[in-house]
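# Remarks on the overall topology
Below, each chain spelled out in residue letters.
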Amino acid sequence: MSDDNPHSSRGSAGKSWLDRIASIFSAEPQDISDLQDIISEAQTRNLIDADTKSMLDGVLDVSSMRARDIMVPRSQMATIDIDDSVADMLPILMENNHSRYPVVNEDKDHIEGILLVKDLLQFALDPNVNDWHLRDLLRPAVIIPESKRVDALLKEFRQKRYHMAIVVDEYGGVSGLVTIEDILEQIVGEIEDEHDDEEENDIKKMASRVFQVSALTPLDEFNESFNTTFDEEDADTIGGIVLHAFGHMPAKGESIELEGLTFKVSKANSRRLVQLQVIRAKEPAETEEN
C-alpha cells in the first residue's frame, strides 16, 4: 500500500495539472476579450511564446477590423497618370519601390486600373517595341467599400490571387487602398523587404545640416544629440513629439518646424512615422557668408 500511495499522489497531481490546462481551452469564450485572456494565460503557462501570442492577438484584431482601419489614406497613395511617359514614371517608381501602382485619369477618384512594374519593364526596356500605350498594360482594379471586413478581404486576396484593392467611401470616391502586405503586417508586424533602409543607427548625418533620424529614437538620445529640450513626459520618442505637433498622421514629404529644427517625414505608413529628415537652421555666420 505504501508503494501505491506515492504513485497515486503523483498521478493525481499530473491529472490535476492537465485538467487545469484543459479547462483553460475547454471553457467556451463569450467574446474576443475571453479569447485574449485564454491566449495570455497560455503564454503565462509557457504553452506559447511571446511571438506566437503577438500573432494570435493580431489575428483576433484583424477579425474585428474594416478596410478603413488599415488602408493607406488617399493622400499617401502613390499613383501614375494614364498619360505619363516612362520618363515621368521613373521618379515615382524609384522613390516608392512598390511592385504595383494605381493608374489614374486626371485625379485619384478615376482609377483606370493597376500597373504591375514587371509588365511595364517588358515593354519599356525592349528597344524593338515602340508602339505601346500604358492603358494596354493595366490589370483590372478591385474596388471594395470602407466597411469591408479585413479577414474576408484576406480570404479574397488568397483565393483570387490579387494583392491590392482600392477602397471607396459611400459616395464612390476613393478614400485609400489596401494591400495584402497591409493585412499581414497587422498579424506578424511590419514586413521589411530588400528595398527598406537598414536603420543601423538611430541618427545618421547625411550632410552638414541634414540628418536621417529614426522616428523611434528615444527622446533623451535626440535631445542630447541636437541640444534640444523636448519634454520626455510628452513622449518617449522623437516620432511621438513630431506626431503630436502635426496633430494628424502626416504623409511622406510633410514638414514642420520645432525648436529651430525642420522635421520632414521621409518614411511613414498609415499607422506610424518610420523615418524623419531633420534639418538644422543655418547659423548666423553661415547666413552672412551666403
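Definitions and cut-offs
Residues numbered from 1 in each chain as written. Predicted model: local features only at pLDDT ≥ 70, side-chain atom pairs only at ≥ 80, totals over all residues. Heavy atoms only, no water. UniProt positions renumbered as here; feature names shortened; annotations may be inferred. Helix = DSSP H or I, 4+ residues; strand = E, 2+ residues; numbered from the N terminus. Buried < 20%, exposed > 50% of the residue type's maximum accessible area, 1.4 Å probe, protein only. Contact = heavy atoms within 4.5 Å. Areas by Shrake-Rupley, 256 points an atom, 1.4 Å probe, with all protein chains shown as cover. Pairing = 2+ DSSP bridges. Axes fitted to C-alpha atoms, helices over the stretch in contact; angles between N-to-C directions. Phe/Tyr/Trp six-rings, centres within 6.5 Å; stacked < 30°, edge-to-face > 60°.

In the annotation of an unreviewed UniProt entry, the chain is listed under the name Magnesium and cobalt efflux protein CorC and assigned to Rheinheimera pacifica. As its UniProt record puts it under Sequence similarities (unreviewed entry), the chain is described as follows: "Belongs to the UPF0053 family." For the chain, the Function (unreviewed entry) comment in UniProt is given as "Plays a role in the transport of magnesium and cobalt ions."

### Points about the overall build of the chain
For the chain, the count of helices and strands is 11 helices and 12 strands. Per-residue burial for the chain yields a buried fraction of 34% across its 290 residues. Summarising the internal contacts of the chain: among those between residues at least 6 apart in sequence, 45% fall at separations of at least 24. Taken as a whole, the chain presents about 17,900 Å² of accessible surface, with 47% of it coming from carbon and sulfur.

### Looking at the sheet that holds strand S7 (residues 174-179)
The four strands are arranged S1-S7-S6-S5 in an open sheet whose pairing can be described as mixed. What marks the edges here is a single partner per strand, and that holds for strand S1 (72-73) and strand S5 (143-145). The pairing of strand S6 (residues 164-168) with S7 spans five bridges and is antiparallel. Paired with isoleucine 166 across the two strands is leucine 177, which belongs to S7.

### Regarding the sheet that holds strand S8 (residues 203-205)
Here we have five strands laid out as an open sheet, ordered S8-S9-S12-S11-S10, and antiparallel in their pairing. Because the sheet does not close on itself, it has two edges, and the strands there are S8 and strand S10 (255-258). Adjacent strand axes in the sheet meet at a mean angle of 25 degrees when their direction is disregarded. Here S8 runs beside strand S9 (residues 210-214); their pairing, made up of three bridges, is antiparallel. In the sheet register, lysine 204 faces S9, and the bridge partner there is glutamine 212. Along the sheet, helix H10 (residues 238-246) makes contact with S9, S10, strand S11 (261-268) and strand S12 (273-280), crossing S10 at roughly 105 degrees.

### Digging into the packing of aromatic side chains
Considering all chains together, one arrives at six aromatic pairs under this definition. Their ring planes at 65 degrees and their centres at 6.3 Å tell us that phenylalanine 230 and phenylalanine 263 sit as a pair that is edge-to-face. Placement of the pair is phenylalanine 230 in the loop between helix H9 (219-226) and H10 and phenylalanine 263 in strand S11, with a sequence separation of 33 residues. In this structure, phenylalanine 230 and phenylalanine 263 share a single accessibility class: buried.

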